[in-house]
Amino acid sequence: MSCRHFGDPDNCGGCRYQDFSYEEEIAQKDRELRELFEDVVPSFDEVYEGITGTDPDGYRNKMEFTFGNRMKDGPLELGMHRKGRFYDIVSVPECGICNSDFGRIIEATREYFSERGTSFYRKRQHTGYLRHLLVRRAHFTGQILTDLVTADYDGSSEADEGELMAGFREALLALNLDGEIVGILHTRNNSLSDTIKDEGTEVLYGQDFFYEKILGLSFKITPFSFFQTNSAGAKKLYGKAREYLLEALHGEKPHEVFDLYSGTGTITQIVSEYAEHVTGVEIVPEAVQAAEENAAANGMTSCSFICGDVFRVLDGLDEKPDYIIVDPPREGLQPKALSKIVGYEVPSLVYIACKPASLARDIPTFITHGYEVKHLACIDMFPRTNNTECVCLFVKTGDGALRHQ
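Residues numbered from 1 in each chain as written. Predicted model: local features only at pLDDT ≥ 70, side-chain atom pairs only at ≥ 80, totals over all residues. Heavy atoms only, no water.

### Points about the environment of Asp 39
The cut-off we apply is this: Helix and strand assignments follow DSSP, with helices taken as H or I runs no shorter than four residues and strands as E runs no shorter than two, numbered in order from the N terminus. Accessibility here uses a 1.4 Å probe with only protein chains present; expressed as a share of the type maximum, an area under 20% marks a residue as buried, one over 50% as exposed, and anything in between as partly exposed.
When you line up the elements, Asp 39 lands in the loop between α1 (22-37) and α2 (44-47). We classify Asp 39 as exposed; its relative accessible area is 74%. C-alpha separation for the pair Asp 39 and Ser 262, spaced 223 residues apart in sequence, amounts to 30 Å.

Here it is, written out as structure tokens:
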């Protein structure tokens, strides 16, 4: 057992496999994946490549912590939701799935505001000040970005808000960390929901972004833009996606590749050297802006990005792709988008799934439209938890394949 919080009867409940060896965890996940895909993938044993593990300790590059207390009128806590209790928060300074810098930052933050009697936001009453602390730390560069999320200031500390934030900034900068803090932010959020919503962000120190490096490329990441939470795992995941695409290309350089749900443009740029042009489509404006900046910084001139819903964007494009890569959110491909994608009848398509069940649900539609699963591999992007991520190569068969030769 690598995380002491797992053995606490009031633990956060975030990890399932802390009392397994990692070898046992991988074996269990492999059994679950086999059960999920065996009935939907023809010739499963011939195409399934198994699950690749990653380092299970300290792998997460992003954590969202919540302010609250463990029990009514208890001391200020900053951590995760208590297992089975939506309103109770458990401090997790020694969380095993993130770097120890995370623990140092959240403990310093909790102690700072606790000493000043600062209130936390109460979800039932919609009152209070402190809501969340977002911490992002690049695995390969060690750069750290923190963002304190609060409601409007309620005066619960003796200092005014400006003084309170200045003291918070200095408390973090005084820490002895393995990485380097490059930005400290303060985001306002008065929404009623428990999710983080950006209603205005102030830079307290440094900048509002940090850089991570994957497969020789540098990526600028902002507080709320999507980036894989396991950088070392992402290197394996994207490497596998690139491997599948190169196999599909047979040494040729296609005119156009679509990278759908492209996020900050990671995959778009990784595969752009193998195509004349790659178009990334992403609905989050901030992510598209970051993708464009990343491409420019990396000297990539053969890719471009479109902001919008995938289905609507595809509906308005005259350009037809030669190949497609999709990396949809957890719910998988929406029916309208899926229909549009199979309608292109590309000879090969790479599907990256952060929820294997969504891929399993979509596979029969691809098969119905003349595709077969050529390869299926899984990367354990989320050790100690229930989740894995899959990469699948679909290949067009029969008359559909002949039309592209």
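### Let's talk about the sheet that holds strand β12 (residues 278-282)
We count it as follows: Pairing between strands is defined by DSSP: at least two bridges between them are needed. Note on method: axes are straight lines fitted to C-alpha atoms, helices fitted across the in-contact stretch only, with angles between N-to-C directions ranging 0 to 180 degrees. The contact criterion used is simple: two residues touch if any of their non-hydrogen atoms lie within 4.5 Å.
In spatial order, the strands read β1-β16-β17-β15-β14-β11-β12-β13; together these 8 strands make up an open sheet with mixed pairing. In this open sheet, the two strands that pair with only one neighbour each are β1 (48-52) and β13 (303-307). Going across the sheet, the axis of each strand differs from the next one's by a mean of 15 degrees, ignoring polarity. Sheet topology note: the strand β11 (residues 257-260)/β12 ladder contains 4 bridges and is parallel. Bridged to Asp 259 within β12 is Gly 280. α1 rests against β1, β16 (371-379) and β17 (389-396) of the sheet, and its axis sits at about 145 degrees to β1.

### Points about the sheet that holds strand β2 (residues 62-68)
Paired through their backbone hydrogen bonds, the strands of a sheet run either parallel or antiparallel. Pairing within the open sheet is mixed, and its 7 strands lie in the order β4-β3-β2-β5-β6-β7-β8. Lying at the two open borders of the sheet, with one neighbouring strand each, are β4 (89-91) and β8 (201-206). Each adjacent strand pair in this sheet contributes to an overall mean axis angle of 35 degrees, direction not counted. Packed on one face of the sheet, helix α3 (residues 100-115) meets β2, β3 (77-81), β4, β5 (130-137) and β6 (143-150) and runs near 155 degrees to β5.

### Describing the pairing of β6
Selection rule: A crossover gets the label right-handed when its path from the first strand over the helix to the second runs clockwise, viewed with the strands pointing away from the viewer.
Of all 8 residues making up β6, 8 are buried, and the element is well covered by its neighbours. Judged by which residues are buried, β6 turns out to be covered on both faces: Gln 143, Leu 145, Asp 147 and Val 149 on one side and Ile 144, Thr 146, Leu 148 and Thr 150 on the other are all buried. The pairing of β5 with β6 spans 7 bridges and is classified as antiparallel. From the neighbouring strand, Val 135 faces β6, where its bridge partner is Thr 146. Sheet topology note: the β6/strand β7 (residues 180-188) ladder contains 8 bridges and is parallel. Looking at the pairing, Val 149 lines up with Thr 187 of β7. Between β6 and its parallel partner β7, the chain crosses via helix α4 (residues 161-173), and the hand of that crossover is right-handed.

### What about the packing of aromatic side chains?
Stated formally: Note on ring pairs: Phe, Tyr and Trp rings are taken, using the six-membered ring of Trp, and paired if centres are within 6.5 Å. Classes follow the plane angle, with under 30 degrees stacked, over 60 edge-to-face and the rest tilted. The criterion is that NZ of a Lys, or CZ of an Arg, lies within 6 Å of the ring centre and within 35 degrees of the ring normal, and then a charge sits over that ring.
Within this structure, the stated rule accounts for 13 aromatic pairs. Measuring from ring centre to ring centre gives 4.9 Å for Tyr 129 and Tyr 153, while their planes differ by 70 degrees; the resulting arrangement is edge-to-face. Of this pair, Tyr 129 sits in the loop between α3 and β5 while Tyr 153 sits in the loop between β6 and α4, and the two are 24 residues apart along the sequence. Plain terms: the ring middles of Tyr 351 and Phe 366 are 6.2 Å apart, the flat faces sit at 75 degrees to each other, and that makes the pair edge-to-face. Of this pair, Tyr 351 sits in strand β15 (residues 348-353) while Phe 366 sits in helix α10 (residues 356-368), and the two are 15 residues apart along the sequence. Accessibility assignment for this pair places Tyr 351 and Phe 366 in one class, buried. Through pairs of rings, three or more aromatic residues link up here, namely Phe 67, Tyr 112, Phe 113 and Phe 168. When the ring centre of Tyr 121 is taken as origin, the NZ or CZ atom of Arg 131, which lies over that ring, is 3.9 Å away.

### A few points about helix α7 (residues 285-297)
Operational definition: Multiply 1.5 Å by the residue count of a helix minus one, and that product is the helix's expected span. To be clear, the arc concerns the directions from the helix axis to the C-beta atoms.
With 13 residues, α7 extends 18 Å from end C-alpha to end C-alpha; this agrees with the ideal 18 Å at 1.5 Å per step. The set of residues buried in α7 consists of Ala 287, Val 288, Ala 290, Ala 291, Asn 294 and Ala 295. One face of α7 carries all of its buried residues, which in axial projection span an arc of 160 degrees. Opposite the buried face of α7, by more than 90 degrees, sit the exposed residues Pro 285, Ala 296 and Ala 297. In this structure, the buried side of α7 is in contact with β10 (217-221), α6 (266-272), β12 and β13.

### Looking at α10
Counted only if it meets this: Think of it this way: the bend at a residue is just the angle between two axes, each fitted to seven residues, one set ending at that residue and the other starting at it.
Between its first and last C-alpha, α10 extends 19 Å over 13 residues, near the 18 Å set by a 1.5 Å rise per residue. Helix geometry: α10 is bent most strongly at Asp 362, by close to 30 degrees, with proline Pro 364 lying one to four residues after it. Three or more residues of α10 are buried, namely Pro 356, Ser 358, Leu 359, Ala 360, Asp 362, Ile 363 and Phe 366.

### Quick notes on the environment of Ser 225
Using the following cut-off: Throughout this description, a polar contact denotes any pair of N or O atoms lying within 3.5 Å of each other; where both atoms belong to protein, one of them has to be capable of donating a hydrogen while the other can accept it, and for residues adjacent in sequence the pair is counted only when both atoms sit in side chains.
Counting through the fold element by element, Ser 225 comes out in the loop between β10 and α5 (231-249). Along the sequence, Ser 225 and Val 284 sit 59 residues apart, while their C-alpha atoms lie 7.9 Å from each other. Apart from residues no more than four positions distant in its own chain, Ser 225 is found in contact with Arg 136, Thr 264, Glu 286 and Ala 287. One polar contact links Ser 225 to Thr 222, side chain to side chain, over a distance of 3.0 Å.

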